[in-house]
Amino acid sequence: MPTTPSLESPDVPATVAILGAGRMARAVAGAAIRAGQRVVFGSRRPEAGRAAALAAGPRASAGTLREALAESDFVVLALRWQGLFEALAATQGLWNGKTAVDLTNPATPDGTRLLIGLETSGAEEIARRAPEAEWVKALNHVYAEVLERGSEFGGPERPAAFYAGDSETAKRRAATWLSSLGFAPVDAGPLSSARWLEPVAQLMVELVEQRGFDAGDTALALLRRGTGRSG
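Residues numbered from 1 in each chain as written. Predicted model: local features only at pLDDT ≥ 70, side-chain atom pairs only at ≥ 80, totals over all residues. Heavy atoms only, no water.

### As for the sheet that holds strand β6 (residues 134-138)
Pairing is mixed across the open sheet formed by eight strands, whose spatial order is β3-β2-β1-β4-β5-β6-β7-β8. Here the strands that pair on one side only, and so sit at the sheet edges, are β3 (60-63) and β8 (184-187). Across the sheet, the axes of successive neighbouring strands diverge by a mean angle of 25°, strand direction being ignored. Two elements, strand β2 (residues 38-42) and β3, share four bridges in a ladder whose sense is parallel. (Pairing = 2+ DSSP bridges. Helix = DSSP H or I, 4+ residues; strand = E, 2+ residues; numbered from the N terminus. Axes fitted to C-alpha atoms, helices over the stretch in contact; angles between N-to-C directions.)

### Digging into the pattern of salt bridges
Counting across every chain of the model gives 14 salt bridges. Residue R23 is joined to E145 by a salt bridge in which the shortest nitrogen-to-oxygen separation is 3.3 Å. One end of the pair, R23, is in helix α1 (residues 23-34); the other, E145, is in helix α6 (residues 144-149), and 122 residues separate them in sequence. Linking E206 and R211 is a salt bridge whose minimum nitrogen-to-oxygen distance equals 2.8 Å. Connected through salt bridges with shared partners, the residues R23, E145 and E148 form a single ionic network. (Salt bridge = Lys/Arg side-chain N within 4 Å of Asp/Glu carboxyl O.)

### Observations concerning the pairing of strand β4 (residues 74-77)
Neither face of β4 is left uncovered, since the one carrying F74 and V76 and the one carrying V75 and L77 both have all their residues buried. Pairing analysis gives three bridges linking strand β1 (residues 15-19) to β4, with the strands arranged parallel. Note that in β4 the partner of A17 across the bridge is V75. As defined by bridge partners, β4 adjoins strand β5 (residues 99-102) across four bridges and the pair is classed as parallel. Within the sheet, the bridge partner assigned to V75 lies in β5 and is A100. Assessed by its sense of winding, the connection that carries the chain from β4 through helix α4 (residues 84-90) to β5 is right-handed. (Buried < 20%, exposed > 50% of the residue type's maximum accessible area, 1.4 Å probe, protein only. Right-handed = clockwise from strand over helix to strand, strands pointing away.)

### Description of the environment of L222
The topology assignment puts L222 in the segment after α8 (194-210). You can call L222 partly exposed: its relative accessible area is 39%. Residues L222 and E157 lie 65 residues apart in sequence; the distance between their C-alpha atoms is 8.7 Å.

### Some points on the pairing of β5
Burial along β5 is two-sided: the residues T99 and V101 and A100 and D102 are all buried. Relative to β6, β5 runs parallel, the two being bridged by four bridges. Bridge assignment links T99 to a residue of β6, and that residue is E134. Each parallel crossover has a hand, and the one from β5 via helix α5 (residues 122-129) to β6 is right-handed.

### A word on the packing of aromatic side chains
Considering all chains together, one arrives at three aromatic pairs under this definition. Plain terms: the ring middles of W81 and F85 are 5.1 Å apart, the flat faces sit at 80° to each other, and that makes the pair edge-to-face. F85 shares its class with W81; the two are buried. Judged by centre distance (5.1 Å) and plane angle (35°), the ring pair of W95 and W135 falls under tilted. Within this pair, whereas W95 is found in the loop between α4 and β5, its partner W135 is found in strand β6, the two being separated by 40 residues in sequence. Each member of the pair, W95 as well as W135, is classed as buried. One cation-aromatic arrangement involves R129 over F85; the distance from NZ or CZ to the ring centre is 4.1 Å. (Phe/Tyr/Trp six-rings, centres within 6.5 Å; stacked < 30°, edge-to-face > 60°. Lys NZ or Arg CZ within 6 Å of the ring centre and 35° of its normal.)

### Looking at the confidence of the model for the protein chain
Mean pLDDT over the protein chain stands at 91; residues scoring 70 or higher make up 90%. Counting contacts from residues 1-7, a segment whose pLDDT is below 50, to residues more than four positions away or on other chains yields 21 contacts. (pLDDT = per-residue confidence, 0-100. Contact = heavy atoms within 4.5 Å.)

Right, dumping it as structure tokens:
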């Protein structure tokens, strides 16, 4: 199992810019803060960003989408699919040099059905709109409750966090960050693997919303033996 990296590692961001202020954005922020990182929320609704920062505590701040992007070269995209491309248009020109983790799913507003795939993915469409960033797909299949529960998840095995991207540097940074949050990062290949990861999120929705699984206890783990590659 990968070991939790030192906070002194250059791949662990000191500050994480989180675009969004909903439950998932707040859950990511809480996990990052527990790992010793600072967070800045970027929101199209200033009052929502300020409320999220206030709830997160003194290591959090808030601003506009553009202001948040200016605070860090490590960005988490935690916006709803509806309105996401308008947000990308509003931040055009600010993505250069960013490692960007996309945890969105191209789903209907109720989250029950994907709108695109399997010949492309939400992550690939986002990357086409902001090609200056180095995009990594991750955490789209993890419920906010799992992040909120953190170290109380239970059991000796950490939940797996699949990640995919075309930049090895960005993937290394994302994997180290995921490990700092308490996950076992699993390299799922190029960004096109998001075509398979986004449907995994729909499986999780089926398990939780239709089959009665506890959202905080529903996560994936892999048993890996021998010399298999790890994230």
